[in-house]
Amino acid sequence: MKGIHSIFLACFLVSAFSCFLASAFDPSPLQDFCVAIDHPKDGEFVNGKFCKDPKLAVADDFFYSGLNKPGNTYNRVGSNVTTVNVDQIPGLNTLGISLVRIDYAPYGENPPHTHPRGTEILVVVQGTLYVGFVTSNPENRLITKILYPGDVFVFPIGLIHFQYNLGNTAAVAFAGLSSQNAGVITIANAVFGSNPPINPDVLTKAFQLDKNVVTHLQSIF
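What this report covers is the structure whose coordinates are included nearby. Each chain carries its own residue numbering, running from 1 in the written order of its sequence. It should be noted that, the model being predicted, local features are given only for residues of pLDDT at least 70 and side-chain atom pairs only at 80 or more, the latter also being counted only at that level, while totals for whole chains, interfaces and linings use all residues. Hydrogens and water molecules were not included; the side-chain quantities draw on all heavy atoms of the structure.

## A closer look at the overall build of the chain
Operational definition: Elements are defined by DSSP. Helices are runs of H or I of four residues or more, strands are runs of E of two residues or more, and each kind is numbered from the N terminus. The buried label applies to any residue whose accessible area, calculated with a 1.4 Å probe on protein chains only, is under 20% of its type's maximum; exposed applies above 50%, and partly exposed to all values in between. Contacts between residues were defined by any pair of non-hydrogen atoms, one from each residue, lying within 4.5 Å. Residue-level accessible areas treat just the shown protein chains as cover; the underlying method is Shrake-Rupley with a 1.4 Å probe.
On a plain count of helices and strands, the chain comes out with 4 helices and 13 strands. Taking all 221 residues of the chain together, the buried fraction comes to 31%. The contacts in the chain between residues at least 6 apart in sequence include a share of 68% that link residues at least 24 apart. About 13800 Å² of surface is accessible on the chain, with carbon and sulfur atoms providing 62% of the total.

Structure, rendered in structure tokens:
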């Protein structure tokens, strides 16, 4: 009898907890859109942004122009990412999507990075890209593919991934992300370019590098 009471109590607690979770959020927007504004006057706070009164929304709240223009790839890694997220299109707020254009110089790359809040789906429109991602610990399996114009590849949310231009001509890709602001953590920049710097002893041990190499890397990121 005591065991039955315990089972009933466990079921009750699970049920109550499930109800609590269900009432904590709604997985879908409860209105057509929520155009982001910078000031709270006459607005509501949703997904980190205040919402404009829907009756005041205009076409430009949902519009961006310029993805036809190549980005400047004259930099250390030879690539440029033009981002179109909620900061560029306020109407994306709460809709869970965003877009980027990626330009690659000959043999340029979009270096290993992660998007903590979004899965990425990439389509190549020009050039040949070597792309891939690494699965999580402990397997750390590398999954790669060579892509040509018209090819599509998916990078799962949170996993380290990259793209590298294999050709001696410029390459271009577009990518959609399953977040209004997926975020990006470029691994080398974050580790060797943190502010303030990580203690070199930590990185020397973590990467099994000479300390002089670590301090040099920290000086250039």
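## Some thoughts on helix H3 (residues 200-207)
Filter applied, for reference: Here a polar contact is taken to be a pair of N or O atoms separated by no more than 3.5 Å, where protein atoms must pair a possible hydrogen donor with a possible acceptor and residues adjacent in sequence count only if both atoms sit in side chains.
For H3, the N-terminal cap is Asn199; the gap from its side-chain oxygen to the backbone nitrogen of Asp201 is 2.8 Å. Positive phi shows up at Gln208, right after H3, with a value of about 55°.

## Some words on the sheet that holds strand S11 (residues 160-165)
Definition in use: Being paired, for any two strands, means DSSP has found at least two bridges between them.
An order of S9-S8-S11-S6-S13 is seen for the 5 strands of this open sheet, with the pairing classed as antiparallel. Looking at strand neighbours, the two that pair on one side only are strand S9 (142-147) and strand S13 (185-186), the edges of this open sheet. Judged from the 6 bridges that link them, strand S8 (residues 129-134) and S9 form a sheet pairing that is antiparallel. Residue Val131 lies in a different strand from S9, and its bridge partner there is Lys145.

## Describing the environment of Ser136
Inspection of the secondary structure assignment puts Ser136 in the loop between S8 and S9. Overall, the relative accessible area of 49% leaves Ser136 in the partly exposed class. Through-space distance from the C-alpha of Ser136 to that of Leu159 is 7.0 Å; in sequence the pair is 23 residues apart.

## Some remarks on the sheet that holds strand S5 (residues 98-104)
As a reminder of what qualifies: Convention adopted: a line fitted to C-alpha atoms gives each axis, helices being fitted over their contacting stretch, and angles between N-to-C directions are expressed from 0 to 180 degrees.
The strand order across the open sheet formed by 5 strands is S4-S5-S12-S7-S10, and the pairing between neighbours is antiparallel. Edge positions in the open sheet fall to strand S4 (79-84) and strand S10 (152-155), since each of these has one partner strand only. On average, each strand axis in the sheet is tilted by 20° relative to the strand beside it, whichever way the strands run.

## Focus: a nonpolar patch on the surface
Keep this limit in mind: Patches draw on residues past 30% relative accessible area with no salt bridge. Two like charges within 9 Å are joined, as are two nonpolar side chains (Val, Leu, Ile, Met, Phe, Trp, Tyr) within 5 Å. Whenever a carboxyl oxygen of Asp or Glu lies within 4 Å of a side-chain nitrogen of Lys or Arg, that contact is scored as a salt bridge.
A grouping of Ile121, Val152 and Val154 is seen on the molecular surface, where their side chains present a nonpolar patch of about 240 Å² in accessible area. Its place among the elements puts Val152 in strand S10. On the accessibility criterion, Val152 (47% relative accessible area) is partly exposed.

## Here we look at the packing of aromatic side chains
Selection criterion: Here a pair means two rings of Phe, Tyr or Trp (six-membered ring of Trp) with centres within 6.5 Å. Their orientation is stacked below 30 degrees between planes, edge-to-face above 60, and tilted elsewhere. Put simply, a charge is over a ring when the Lys NZ or the Arg CZ is close to the ring centre, within 6 Å, and near the line of the ring normal, within 35 degrees.
This model, assessed by the stated rule, comprises 5 aromatic pairs. Each residue in the set Phe133, Phe153 and Phe155 is aromatic and connected to the rest through ring pairs, giving one cluster. Geometry around Phe221 places Arg76 over its ring, the cationic atom sitting 4.7 Å from the centre.

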